[in-house]
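Here's the letter readout for the chains.
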Amino acid sequence: MTPDVDEYSQMSVEDFEELAARAPRHVKLEFLGGRVYSKYPLTVEDFEELERRAPETVRLEYINGKLEVKAVPDGNHGEIFMWLLRQCMQQRPELNLMPERGIKAEAYRKGRARTDGFLAPVGHFKGHREWSETDGALMAVEITSHDRDTDQRDRVDKPVGYAEADIPVYLLIDRDNNTITVFSEPKAGRYQRVDSHRWGTTVEIPAPVDITLDTEDIKDYAD
């Protein structure tokens with residue numbers, strides 16, 4: 001019988017073996033069906049220690065009480081990020097879109113998410129360590145990867161976690177559906193407004209971001 005476990009996303013045997021070898025002694029990991037499992041529930045502190053020890057090829061998150069492995073971005077993923085970065089810099093040069101930023105998400109900041117992009121004023125992250133507080137940030141960005149946990153992680157869990165952390169806007173660039181979804185107006189742990197747009201249309205990102213995205217070029221990276 002399978003034990004009560006937490007799941008990671010799919011990863012290689014080699015990455016698992018290195019992760020397991022580096023894990024703290026009290027963190028017991030298993031590898032079944034291409035996924036990593038923790039035999040016992042982990043605290044946020046356990047997760048942070050495991051993440052610090054993880055090999056560079058493994059990107060860990062702690063979402064909705066579960067451990068996750070975030071897929072390594074491919075070339076189109078990177079091109080989409082750079083497309084968004086250019087538009088942010090042109091329209092709001094006083095802001096930085098920080099890539100691969102770890103943040104404290106969810107209620108009481110108990111989650112740990114590694115955003116594809118995090119928009120905040122220039123200098124906002126000075127002195128921050130691995131996991132930043134969300135206070136003062138304007139927008140979290142996720143670009144979906146073609147892994148089997150994308151649906152639950154990016155479309156279900158992260159909108160809740162980011163709203164609970166009062167991040168004003170969550171921008172989801174969805175490569176499976178060729179859409180951009182803008183989540184805004186967080187209240188009581190939920191985004192009150194959700195607007196979805198097909199690639200190729202003009203997308204207005206509301207205050208406090210106030211950026212207009214021309215998404216025609218993003219169609220070049222459909223896959």
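Residues numbered from 1 in each chain as written. Predicted model: local features only at pLDDT ≥ 70, side-chain atom pairs only at ≥ 80, totals over all residues. Heavy atoms only, no water.

Focus on the environment of Ala207
To keep things clear, this is the line we draw: Under the scheme used here, helices are H or I runs from DSSP no shorter than 4 residues and strands are E runs no shorter than 2 residues, and both carry numbers assigned from the N terminus. Partly exposed describes any residue whose relative accessible area lies between the buried limit of under 20% and the exposed limit of over 50%, with all areas from a 1.4 Å probe on protein chains only and scaled to the type maximum.
If you trace the backbone, Ala207 turns up in the loop between strand E13 (202-205) and strand E14 (211-214). A residue is classified by how much of its surface remains accessible, and Ala207, at 54% relative accessible area, is exposed. Separated by 18 residues in sequence, Ala207 and Gly189 place their C-alpha atoms 19 Å apart.

Considerations on the packing of aromatic side chains
Quick reminder of the rule: Only rings of Phe, Tyr and Trp enter the pairing, Trp through its six-membered ring, and a pair is recorded when the two centres are within 6.5 Å. The plane angle decides the type: under 30 degrees is stacked, over 60 is edge-to-face, the rest tilted.
Taken as a whole, this structure holds 7 aromatic pairs when the rule is applied. For the ring pair Phe47 and Tyr62, a centre distance of 5.5 Å and an interplane angle of 20 degrees mean the geometry is stacked. Pair noted here: Phe47 is in helix H2 (residues 44-53) and Tyr62 is in strand E4 (residues 59-63), with a separation of 15 residues, a long-range link. The interplanar angle of 50 degrees and the centroid separation of 6.0 Å between the aromatic rings of Phe183 and Tyr191 together place this pair among those described as tilted. Through successive ring pairs, a cluster of aromatic residues spans Tyr162, Tyr170, Phe183 and Tyr191.

Quick word on the environment of Glu56
Looking at the element boundaries, Glu56 is found in the loop between H2 and E4. C-alpha separation for the pair Glu56 and Leu19, spaced 37 residues apart in sequence, amounts to 10.0 Å.

What about the nonpolar core?
Here is the rule: Each nonpolar core is a collection of buried residues, namely Ala, Val, Leu, Ile, Met, Phe, Trp, Tyr and Cys, held together in the definition by side-chain atoms within 4.5 Å. Throughout, a residue-residue contact means that at least one pair of heavy atoms, one from each residue, lies within 4.5 Å.
Ranked by size, the top nonpolar core spans 26 residues in total, and within it Leu84, Leu171, Ile173 and Ile180 carry the most contacts. Elements with a minimum of two residues in this core: helix H3 (75-91), strand E6 (95-105), strand E9 (139-143), strand E10 (169-174), strand E11 (179-187), E13 and E14. Per element, the largest residue contribution to this core is 6 residues, and it comes from H3. Discounting chain neighbours no more than four positions away, the residues touching Ile173 are Ile80, Trp83, Leu84, Glu142, Ile143, Thr144, Thr179, Ile180, Trp199 and Ile218. Within the second largest apolar cluster, 18 residues are counted, among which are Met11, Phe16, Leu19 and Ala23.

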